[in-house]
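So you can see what is in the structure, the chains are spelled out below.
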Amino acid sequence: REVCGLEDTPQAVARFLRETDGLDKRAVGDYLGEGEDFCKQVLYAYVDSIDFANLTFDQALRRFLTHFWLPGEAQKIDRMMEKFAERYCSQNEGVFANADTAYVLAYSLIMLNTDA
């Protein structure tokens with residue numbers, strides 16, 4: 001099924017969000033952080049389309065955050081950092097003991113740089 005010429009799949013929506021110039025980065029971040037199943041699948045496809053191989057953790061996190069603005073809700077940030085950590089660890093084996101460790105570091109770094 002297509003909507004406005006866009007295939008109705010998580011991969012197609014993720015590709016649209018990554019490759020379309022002029023989209024509001026704040027709106028992209030809010031959408032990717034949504035908790036609905038389809039939005040989560042789009043988030044996973046979106047993150048899986050970013051190459052973090054052979055980058056340091058901070059370089060990868062910076063690359064990740066250049067594509068959108070993080071939403072303001074901690075729960076949305078949590079979902080995004082969890083998927084980022086999983087992807088980073090899958091492409092950089094041995095940097096962290098497991099993805100949970102990378103997740104805690106990523107989430108902590110974001111929270112430390114967030115205005116209260």
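1. Comments concerning the overall build of the chain
Reasoning step 1: Helix and strand content of the chain: 6 helices and 2 strands.
Reasoning step 2: Starting at the N terminus and walking to the C terminus, you meet the elements of the chain as β-β-α-α-α-α-α-α.
Reasoning step 3: For the chain, the C-alpha radius of gyration of 14 Å lies close to 13 Å, the compact-globule estimate for 116 residues.
Reasoning step 4: Counting only residues that meet the buried cut, the chain has 35% of its 116 residues in that class.
Reasoning step 5: Within the structure as shown, the chain displays about 7,000 Å² of accessible surface, and the carbon and sulfur contribution to it stands at 48%.

2. Structural notes on the packing of helix 5 (residues 74-91) against helix 6 (residues 99-112)
Reasoning step 1: Between helix 5 and helix 6, whose axes approach to 8 Å, the crossing angle comes to 135°. Taken as axis vectors, helix 5 and helix 6 run oblique relative to one another. Once helix 5 is placed against helix 6, the crossing between them reads as right-handed. In contact with Ala74, Ile77, Asp78, Met81, Glu82, Phe84, Ala85, Glu86 and Cys89 of helix 5, helix 6 contributes Ala99, Ala102, Tyr103, Ala106, Tyr107, Ile110 and Met111.
Reasoning step 2: Broken down by class, the residue content of the contact of helix 5 with helix 6 amounts to 13 nonpolar, no polar and 3 charged.

What counts as what
Residues numbered from 1 in each chain as written. Predicted model: local features only at pLDDT ≥ 70, side-chain atom pairs only at ≥ 80, totals over all residues. Heavy atoms only, no water. Helix = DSSP H or I, 4+ residues; strand = E, 2+ residues; numbered from the N terminus. Rg over C-alpha atoms; globule rule 2.2 N^0.38 Å. Buried < 20%, exposed > 50% of the residue type's maximum accessible area, 1.4 Å probe, protein only. Areas by Shrake-Rupley, 256 points an atom, 1.4 Å probe, with all protein chains shown as cover. Axes fitted to C-alpha atoms, helices over the stretch in contact; angles between N-to-C directions. Parallel < 35°, antiparallel > 145°, perpendicular 65-115°, else oblique. Left-handed = near helix turned anticlockwise from the far one by under 90°. Contact = heavy atoms within 4.5 Å. Nonpolar A, V, L, I, M, F, W, Y, C, P; charged D, E, K, R; others polar.

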